[in-house]
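Residue-level structural notes
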Amino acid sequence: MTTFLTILAAIGVAWALAYNKANGLAWSLGLAAGAAWLTWATGTPLYILTTVWIAVGVFAALSIVKPLRRMIVTGPIFSLYKRILPQISQTEQEALDAGSIWWDADLFTGDPDWAKLLAYPEARLSAEEKAFIDGPVEELCGMLDEWDITHNRMDLPPEAWKFIREKGFLGIIIPKSYGGLGFSAYAHTEIVTKISTRSGTAAVTVMVPNSLGPAELLIHYGTEEQKNHYLPRLAKGLEIPCFALTNPEAGSDAGAIPDFGIVCKGMHEGREVLGVRLTWEKRYITLGPVATILGMAFKLFDPDKLLGGKEEVGITLALIPTTHKGVNIGRRHIPLAAAFMNGPNWGKDVFIPMQWIIGGEAQIGKGWRMLVECLAAGRSISLPSMSMAAGKLGSRATGAYSRVRAQFKTPIGRFEGVEEALARIGGNTYMMDATRRLTMTALDSGEKPSVISAICKYHMTERMRSIVNDAMDIHGGKGIMMGPNNYLGHAYGNVPIAITVEGANILTRSLIIFGQGAIRCHPFVLKEIAAAGANDLGAFDTALWGHMCFTISNAARSLWLGIFGGQGLSVPGGPDTRRYLQMMTRFSSAFALLSDVSMFVIGGSLKRREKISGRLGDILSLLYITSATIKRFHDEGRQKDDLPLLTWAMYDSFFKLQVAMDGVIDNFPNRFVAACLRVLAFPKGLTLNAPYDKCGAKVAAILLTPGAARDRLTAGAYIPRDENDVIGRLEFAMEATIKADPIEAKVRQALKGGKLPQKTLAERRASAVAQGIITQDEHDHLMYTDRLRREVIKVDDHEHDLSRGAKAQEEPWQQAEARKKAVAASM
Ligand SMILES: Cc1cc2nc3c(=O)[nH]c(=O)nc-3n(C[C@H](O)[C@H](O)[C@H](O)COP(=O)(O)OP(=O)(O)OC[C@H]3O[C@@H](n4cnc5c(N)ncnc54)[C@H](O)[C@@H]3O)c2cc1C
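A brief look at the structure comes next. (Residues numbered from 1 in each chain as written. Predicted model: local features only at pLDDT ≥ 70, side-chain atom pairs only at ≥ 80, totals over all residues. Heavy atoms only, no water.)

1. A few points about the nonpolar core
Judged by nonpolar contacts, the single largest core of 173 residues is most densely connected at Phe169, Ile191, Ile195, Phe591, Ile619 and Phe654. For this core, the leading source of residues is helix H18 (residues 450-475), giving 13 residues. In this structure, Tyr178, Ala254, Ile257 and Leu319 belong to the second largest nonpolar core, which totals 29 residues. (Core = buried A, V, L, I, M, F, W, Y, C linked by side-chain atoms within 4.5 Å. Buried < 20%, exposed > 50% of the residue type's maximum accessible area, 1.4 Å probe, protein only. Helix = DSSP H or I, 4+ residues; strand = E, 2+ residues; numbered from the N terminus.)

In structure tokens:
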């Protein structure tokens, strides 16, 4: 019994030391105390006592006397580490170095500081930004008809183009000092989101010049001369920009573009100047067919050493007027269901002067770093905003449609199967908006969070895919038949665009999120790599021992928190979120442990084990998304009505977290380590459930009922209060249907009681009025509701030849050419 209690006490002490990240001295004292107890309180034989004391002494010497430890332990590890550290190419290194880390780093600690999260300022609009969104953005939305744009014109209407340029939509990010709007990142997402709820084509047209492209690059790296010339012109839409990186041979692997430039002398404006002779072939370039300036990425070589440095200079960026001799702006691509301008361009041996290189000679060869740095911020704005629009419109319209559309004499939203899909739409939208807001807080406080932006890009576009698929399923044929009455089909077509651009999703999930996160956000890995790079044994020793304590602590914490589900941890916030934060601390510890063990056991080849690193990336992402969701609930004043959305989001995420962790362990290459990890991460097994059906039903009810929770969920979507508008009409129809329900119930009741004739609906209603069962006003409301309902369920039909005869007379190309000439003439 005494022995059992002793072992238990020893385990308890060891666990407490590990849990609290004890240092070498504390461990040594603990071990010495244990050895002393063995010596004086037990009859342990002398030879065992001697061995124990020697072991304690060696441990104490190595953990406390740093020079000794460095010589005997850390030194050999350091040599091995330097040998096995995977080779990182320059482009990979630049990608790793780009941007900053933020809340993502806290999630890697295994013990995030929730008070810090809740204290981050909430993303807000200034009065000027709000006025712009309520004014010009609303007005632009009112000018857009996606069917007309994508079917009749294959372009935006000329008045929309004019409005976009004149009102400064192409200069949202350009500082006011250069004539731009100079808006915050939050305002930027609100603008793109609202436009996207109306027209994907217009949204892409606005988002691209404000995203990774000439303006962004010039703001950060341009010479004063370039900024003063181009930024005011871009802000006012006098220049239409595009940015060309992708080559047919290099898409995802953009650092491998074969487009090249040779430094040489050539003639420019009648003088011989130093410049670059460029050869390129680009495709998929958004706004390319109408651009007046072409941003271009190419590899620069200096074989004659005219710049005085290396022969292989590196990726370089330039701005080239599209009217420049030798620039070929080709024909158009058609991007699925949208009609924004997109096409190829190419040139061979085109001479450009040095001053066209973005940032001038100072930025020569630094193009890759410039691109990834800009991507670090931009990736969290454009596609996430487009996804957000799908969520908001999907929630609003699908909820309304499910209330208005009835089958089997029941609104379809009341069927459990539909309810399930509605819950996914609502829950995902709530989480996505939370993620967007938290990320905008980071951007507006000056961060360029590269890992978070990858999380946003991947998870928001994937959730967009889920929402649009669910919305399409619920709408049935109504979502399929294209025409002015279809408000979903275009979003369905836009999904793969959002999935593919700015880092295709499979690559982003499997290579970038954890790959970059593990190095950038981990409290010790980057320090170890830097120490190896600098050949600094002292720094390596400090980082390595810190790392070991960190891993041991997370193993202890993970086990303890897993047994008790995090119960008892002190967390800030109200009772509604307490359990969630406790569980998230548990998951953060387990995640830190899994990450460390994966990096230690799998090592450099983890980069190639994309299925493992993809799952680890999912865990990190879900921790970020759940953090954002809690923060949103907190910032919005802990609205009781939103509790079903919060609960659904948390259960869904925790369940997915469990699946991802389970997947890492199940597929871990070393089965013994996997078994240990399973005990530490899931001491009580897989205990978490997906959201309960009852919770899903409450989320669906939010979508099916006009009210504050539905308004909060869909705030920022363009919902015109207009019965003649396809989305506006849905709102009227929903309200009318809800008001009609009790009136119809009276008629049904009377029919059941045999008071009304079993004839046509019209005759029954007329009889109900005549008998005073319903009033004339109520009768009129039923008729009004019928009319709206018919309008809502209506789909479009077209001429047998789909009006091809009439369309042949139109020539969208001529319009595009004319507009390009007009832009060129206005320069
Ligand atoms: C509508 C549209 C607009 C665009 N606009 C522009 C623009 O304005 N400027 C510009 O320069 N480019 C633009 N692009 C190009 C876009 O950036 C590329 O399409 C994108 O980088 C993917 O390249 P890819 O299409 O060649 O696919 P590929 O690179 O061939 O990829 C195919 C698949 O392989 C996966 N994959 C690749 N490598 C890995 C890996 N290591 N691990 C796991 N999976 C991997 C990808 O995720 C993807 O699923 C646009 C593209 C589209 C469709």
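2. Considering the pairing of strand S1 (residues 241-244)
Residues Pro241 and Phe243 line one face of S1 and the alternating positions Cys242 and Ala244 line the opposite face, and both faces are buried. Judged from the 4 bridges that link them, S1 and strand S4 (residues 293-301) form a sheet pairing that is parallel. Its bridge partner being in S4, Cys242 is matched across the sheet by Leu294. (Pairing = 2+ DSSP bridges.)

3. Some points on the site of the ligand
Every one of the 20 residues lining the ligand counts as a neighbour, but Leu245, Thr246, Ser252, Tyr284 and Glu610 are closest to it. For the ligand, the accessible surface in isolation is 970 Å², of which the surrounding protein chains cover 68%. Looking at the shell around the ligand, the elements with two or more residues in it are S1, strand S3 (271-286), helix H19 (489-500) and helix H20 (505-520). For the shell around the ligand, the leading source of residues is H20, giving 4 residues. Counted by class, the shell around the ligand contains 12 nonpolar, 7 polar and 1 charged residues. (Near = heavy atom within 4 Å. Areas by Shrake-Rupley, 256 points an atom, 1.4 Å probe, with all protein chains shown as cover. Nonpolar A, V, L, I, M, F, W, Y, C, P; charged D, E, K, R; others polar.)

4. Remarks on the pairing of strand S5 (residues 312-321)
In terms of burial, S5 is a largely internal element, 8 of the 10 residues being buried. Bridge count between S4 and S5: 9 bridges; the pairing is antiparallel. Residue pairing in the sheet places Leu294 in a bridge with Ile320 of S5.

5. Remarks on the pattern of salt bridges
All told, the structure shown has 46 salt bridges when counted by the stated rule. For Glu122, the salt bridge is made with Arg124, and the minimal N-O distance between the two is 3.2 Å. Taking relative accessible area as the criterion, Glu122 reaches 30% and is therefore assigned partly exposed. Residues joined in a network through salt bridges with shared partners are Glu190, Lys392, Asp433, Arg436, Arg437, Arg632 and Glu636. (Salt bridge = Lys/Arg side-chain N within 4 Å of Asp/Glu carboxyl O.)

6. A look at a nonpolar patch on the surface
A grouping of Leu25, Leu29, Ile64 and Val65 is seen on the molecular surface, where their side chains present a nonpolar patch of about 360 Å² in accessible area. Here Ile64 lies in helix H3 (residues 46-64). Accessibility expressed as a relative area gives 42% for Ile64, which makes it partly exposed. (Patch = residues over 30% accessible without salt bridge, like charges linked within 9 Å, V, L, I, M, F, W, Y side chains within 5 Å.)

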